[in-house]
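Okay, here's what each chain looks like letter by letter:
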Amino acid sequence: MQQKILLASMVGIIWLVVFLTGKVMESYSSVILLLVFMLLYTWLITLAMVHQKRMETRRPKKPVNEDYWPKVSVVISAHDEEVVIEETVYHLMKLGYPNYELLIMDDRSQDRTPEILTRLGETLGAPYRYHLRPSDAIPGKPAVLNEALTITDGDVICVFDADAYVEPDFLRKIVPFLADESVGAVQARKVIANANENWLTKCQNYEYSLDSHFQYGRDSVRGAVELRGNGQLVKREALTEVHGWNNNTLTDDLDLSTRLHIEGWDIRFAHKVPVFEEGITVFGSLLKQRRRWTEGTLFRYLEYAGPLLKSRKTSLRTTLDMIAYFLEFLLPLWLVLDFVQLGWGWITTGDASSTRIISSFLVVPVFCISMSVALVVAIIRFNRPKVMEAIGWSIITGLYFTILWFPLVFGIMVKVLFQKKRRTRWDKTEHTGSAHRQSRDLTPQA
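First things first, this report covers the structure right here in the doc.

The rules behind the values
- Residues numbered from 1 in each chain as written.
- Predicted model: local features only at pLDDT ≥ 70, side-chain atom pairs only at ≥ 80, totals over all residues.
- Heavy atoms only, no water.
- Helix = DSSP H or I, 4+ residues; strand = E, 2+ residues; numbered from the N terminus.
- Contact = heavy atoms within 4.5 Å.
- Areas by Shrake-Rupley, 256 points an atom, 1.4 Å probe, with all protein chains shown as cover.
- Phe/Tyr/Trp six-rings, centres within 6.5 Å; stacked < 30°, edge-to-face > 60°.
- Buried < 20%, exposed > 50% of the residue type's maximum accessible area, 1.4 Å probe, protein only.
- Pairing = 2+ DSSP bridges.
- Axes fitted to C-alpha atoms, helices over the stretch in contact; angles between N-to-C directions.
- Salt bridge = Lys/Arg side-chain N within 4 Å of Asp/Glu carboxyl O.
- Arc of directions from axis to C-beta.
- Core = buried A, V, L, I, M, F, W, Y, C linked by side-chain atoms within 4.5 Å.
- Parallel < 35°, antiparallel > 145°, perpendicular 65-115°, else oblique.
- Left-handed = near helix turned anticlockwise from the far one by under 90°.
- Nonpolar A, V, L, I, M, F, W, Y, C, P; charged D, E, K, R; others polar.
- Patch = residues over 30% accessible without salt bridge, like charges linked within 9 Å, V, L, I, M, F, W, Y side chains within 5 Å.

**Considerations on the overall build of the chain**
At step 1: Of the regular secondary structure elements, the chain holds 15 helices and 7 strands.
At step 2: Summarising the internal contacts of the chain: among those between residues at least 6 apart in sequence, 83% fall at separations of at least 24.
At step 3: Counting only carbon and sulfur atoms, one obtains 60% of the accessible surface of the chain, whose full area is about 20700 Å².

Here it is, written out as structure tokens:
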């Protein structure tokens, strides 16, 4: 109920802003103000990223702390993962790290996953371990990870999805990010392994590149970098302080990220350390996943808005970065309210500024073009295709992202306002083993 009241209040505030700015800016859409702010902020963090990259080339690289090699507990939550889990285990057994354990948590699987884990346990030795959860255990990945905390002793918890693929030196490259006492977690760069399977997986891969671009920029300004679930490492000390994962969330990674920031922990982004996963090949399944992500993200902001603003541990940069990131979720709602006011004015007065109508309708194309420009930079940075190929796919991915994002965000906001009961369980994403089939051809780019 508290989240609904807060969201309803935000709707009222936006409506008031739309009404007042409509009186002042009679010839232009008030949404332009928000759009301009978003674009300026995007270019600000892009410039920060470019500056950091230049500094890295001009200054000698800091030596790795040779004394910081904490024990890492690699944990995977596996629910009906018979297709991929065995090959994932064999890959992770090859991690070239001096001190780690590998724990596969079977989450009440109904397929052959428990049988496979048991058989592997009879043939594999350390660092492999497995745990079969009973049928009456609390369902869901957060509950699985919380249970894993009680049966592991690593100083760092590394979380992978059941279909993850990483290079053998993954831990050696990413663990040093945690050497700083103020850093509580680090996220690897996510890459779609089967990007060339169809246009949808390619768009997802470039969308991930855009996310990495922004994450790298946020890391450059020491902003609110976020965990992405697969390929995340979190210090046990930090997890203890925030009381582990939240069992009642749709996005455990984002929820944890926000609580870590509230407690003053820094999160880093390892843009040169990739983790590969399967892209979804069917649009219907992708839509289910993105609905969950969007709903979980919105609830995360609504639930922790108060604690974040009151926190004395969170840096000002992190708070401002998180607020700026949240404002993008207001754009679809703001645009709809702008059209409502525009229509109401036309009905009641019979007059509407053609310039304002045009400016309102231009918001979505301008947003799409802006995303496409950012995508060109991100695609070239992380994928290194030919320039014309990058431009072509940036346009396609920009359209894909805009068409998916605007109605999805607005629809979730309406759902949150009017739903009777909050959803806390989510549909499982099916894995086919594409990440492992493509692993021989994967060539990570810096």
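**Regarding the packing of aromatic side chains**
At step 1: Scanning all chains against the criterion turns up 14 aromatic pairs.
At step 2: Their ring planes at 55 degrees and their centres at 4.9 Å tell us that Tyr301 and Phe326 sit as a pair that is tilted. One end of the pair, Tyr301, is in helix α10 (residues 283-310); the other, Phe326, is in helix α11 (residues 316-327), and 25 residues separate them in sequence.
At step 3: Classification of Tyr301 as buried rests on a relative accessible area of 8%.

**Observations regarding the sheet that holds strand β3 (residues 128-132)**
At step 1: The strand order across the open sheet formed by 7 strands is β3-β2-β1-β4-β6-β5-β7, and the pairing between neighbours is mixed. Strands at the two margins of the open sheet, each flanked by one partner only, are β3 and β7 (266-277). Sheet twist, expressed as the mean angle between neighbouring strand axes with direction ignored, is 20 degrees.
At step 2: Strand direction decides the pairing type here: strand β2 (residues 100-106) and β3, joined by 5 bridges, are parallel. Across the sheet, the residue bridging to Asp106 is Leu132, located in β3.
At step 3: Each of β1 (72-78), β2 and β3 is contacted by helix α4 (residues 113-123), which is oriented at about 145 degrees to β3, the strand it contacts most.

**Here's the deal with helix α5 (residues 141-150)**
At step 1: Burial within α5 is extensive, with 8 of its 10 residues counted as buried.
At step 2: When α5 is considered as a whole, its buried residues turn out to be Lys141, Pro142, Ala143, Val144, Leu145, Asn146, Ala148 and Leu149.
At step 3: Contacts from the buried residues of α5 go to β1, β2, β4 (156-160), α8 (236-241) and α9 (252-262).

**Observations concerning the pattern of salt bridges**
At step 1: Applying the stated rule across the entire model yields 23 salt bridges.
At step 2: With its nearest N and O atoms 3.0 Å apart, the salt bridge here joins Arg228 to Glu226.
At step 3: Classification of Arg228 as buried rests on a relative accessible area of 16%.
At step 4: In this structure, Asp255 engages Arg259 in a salt bridge whose closest nitrogen and oxygen atoms are separated by 2.7 Å. You can see Asp255 and its partner Arg259 sitting in helix α9, 4 residues apart, about one turn around the helix.
At step 5: For Arg259, a relative accessible area of 12% translates into the label buried.
At step 6: Three or more residues joined by partner-sharing salt bridges are found here, namely Asp211, Arg218, Glu226, Arg228, Arg300 and Asp321.

**Focus: α4**
At step 1: Along α4, the residues that are buried comprise Thr113, Pro114, Ile116, Leu117 and Leu120. Buried residues in α4, looked at end-on, bunch into an arc of 160 degrees, giving them a common side. Pointing more than 90 degrees away from the buried face of α4 are the exposed residues Glu122 and Thr123.
At step 2: Residues of α4 that are buried sit in contact with β1, α3 (85-92), β2 and β3.

**Focus: the nonpolar core**
At step 1: Ranked by size, the top nonpolar core spans 54 residues in total, and within it Leu298, Leu331 and Phe367 carry the most contacts.
At step 2: Where this core is concerned, the elements lending two or more residues are α1 (2-24), α2 (31-58), α7 (199-220), α10, α11, α12 (330-349), α13 (354-383) and α14 (387-418).
At step 3: It is α14 that provides the largest number of residues to this core, a total of 11 residues.
At step 4: Look past the residues within four positions of Leu331 in its chain and what remains in contact with it is Val31, Leu34, Leu35, Met38, Val363, Phe367, Trp405 and Phe406.

**What about the packing of α9 against α10?**
At step 1: Look at α9 against α10: their axes get within 10 Å of each other, and the N-to-C directions meet at 15 degrees. Classed by the angle they form, the pair α9 and α10 counts as roughly parallel. At the point where α9 passes α10, the crossing takes the right-handed sense. Where α9 abuts α10, its residues Leu254, Asp255, Thr258, Arg259 and Ile262 lie against Thr297, Arg300, Tyr304, Pro307 and Leu308.
At step 2: Tallied by class, the residues present in the contact of α9 with α10 amount to 5 nonpolar, 2 polar and 3 charged.

**Digging into a nonpolar patch on the surface**
At step 1: A cluster of nonpolar side chains, contributed by Ile380, Val387, Met388, Ile391, Ile395, Leu399 and Ile403, occupies part of the molecular surface with about 650 Å² of accessible area.
At step 2: Broken down by element, the nonpolar patch gets its largest block of residues, 6 residues, from α14.
At step 3: Exposure remark for Leu399: the relative accessible area of 43% places this residue in the partly exposed category.

**Considering the pairing of β7**
At step 1: For β7, the buried fraction is high: 11 of the 12 residues fall into the buried class.
At step 2: As judged from the 9 bridges shared by strand β5 (residues 183-192) and β7, these two strands associate in the parallel manner. The residue of β7 that forms the bridge with Val186 is Arg268.

**Brief notes about the environment of Cys368**
At step 1: Tracing the backbone shows Cys368 in helix α13.
At step 2: In this structure Cys368 comes out as buried when scored by relative accessible area, which is 11%.
At step 3: Separated by 28 residues in sequence, Cys368 and Ile396 place their C-alpha atoms 9.9 Å apart.

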